[in-house]
Amino acid sequence: MLVAVPMVILPAYRTLTQLHDGVNSQVYRAQHKDTKQLVILKLLKNDYPTQSQLARYRKEYNLTRQFNSNRIIKTYGLEEHQRKLVMVLEDFGGLSLKEWRIQESRDILSIQRFLDIAIQITESISELHSNKI
């Protein structure tokens, strides 16, 4: 469920909603204050991340930014704010499968639609695997 979040993650961005709150990271939809561009901000959840967590996060950033594919979201940058690393990612307006299913719950998912989604996910994962990820 999308949650309204009145907090500052990066000074240049206005945080709009929280999309995910996991064990290690949090994900927010935000808008750049000057350009009005929508982005996704992904940050480490721990206020005092270990060197290992920071190294893993930097590695994730470096792996993600090497892709140039319409199946993999673009990575715009890695910024620091209040001892945390924040990845700035492309926001193409997508929904999680869970949110999508909630919105589509009034309709029964056809086998054709299910297969279309499954094929798209499989092709994305295949592309990642072909790049040793």
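The model shown is predicted, which means the values in this text are computed figures rather than measured ones. (Residues numbered from 1 in each chain as written. Predicted model: local features only at pLDDT ≥ 70, side-chain atom pairs only at ≥ 80, totals over all residues. Heavy atoms only, no water.)

**Concerning the pairing of strand β4 (residues 38-44)**
Working step 1: Buried residues dominate β4, accounting for six of its seven residues.
Working step 2: Bridge count for β4 against strand β6 (residues 84-90) is five bridges, and the pairing is antiparallel. Bridging across to β6, Leu41 finds its partner in Val88. (Buried < 20%, exposed > 50% of the residue type's maximum accessible area, 1.4 Å probe, protein only. Helix = DSSP H or I, 4+ residues; strand = E, 2+ residues; numbered from the N terminus. Pairing = 2+ DSSP bridges.)

**Quick look at the confidence of the model for the chain**
Working step 1: Here the chain averages 85 in pLDDT, and 92% of its residues register 70 or above.
Working step 2: Here strand β1 (residues 3-4) stands out as the element of the chain with the lowest mean pLDDT, 52, in contrast to β4, whose mean of 93 is the highest. (pLDDT = per-residue confidence, 0-100.)

**Concerning helix α1 (residues 51-65)**
Working step 1: When the terminal C-alpha atoms of α1 are compared, their 21 Å separation across 15 residues agrees well with the 21 Å that a helix rising 1.5 Å per residue should span.
Working step 2: Within α1 the residues assigned to the buried category are Gln53, Leu54, Tyr57, Tyr61 and Thr64. In an axial view of α1, the angular spread of the buried residues amounts to 100°, which keeps them on one side of the axis. Opposite the buried face of α1, by more than 90 degrees, sit the exposed residues Gln51, Arg56 and Lys59.
Working step 3: Of the surrounding elements, those touching the buried residues of α1 are β4, β5 (75-81) and β6. (Expected span 1.5 Å × (residues − 1). Arc of directions from axis to C-beta. Contact = heavy atoms within 4.5 Å.)

**Description of the side chain of Gln53**
Working step 1: One can find Gln53 in helix α1.
Working step 2: Separated by 2.8 Å, the side chain of Gln53 and the backbone nitrogen of Thr50 make a polar contact.
Working step 3: Beyond its immediate stretch of four places on either side in the chain, Gln53 contacts Leu44 and Asn46. (Polar contact = N/O pair within 3.5 Å; in protein donor to acceptor, adjacent residues only side chain to side chain.)

**Concerning the pattern of salt bridges**
Working step 1: If you walk through the whole model with that rule in mind, you get seven salt bridges.
Working step 2: For Arg71, the salt bridge identified is with Glu127, shortest N-O distance 3.3 Å. Residue Arg71 is located in the loop between α1 and β5, and its partner Glu127 is located in helix α3 (residues 111-130); the two are separated by 56 residues in the primary sequence.
Working step 3: The buried category is assigned to Glu127, whose relative accessible area is 19%.
Working step 4: It is possible to trace a salt-bridge network through shared partners that takes in Arg71, Glu123 and Glu127. (Salt bridge = Lys/Arg side-chain N within 4 Å of Asp/Glu carboxyl O.)

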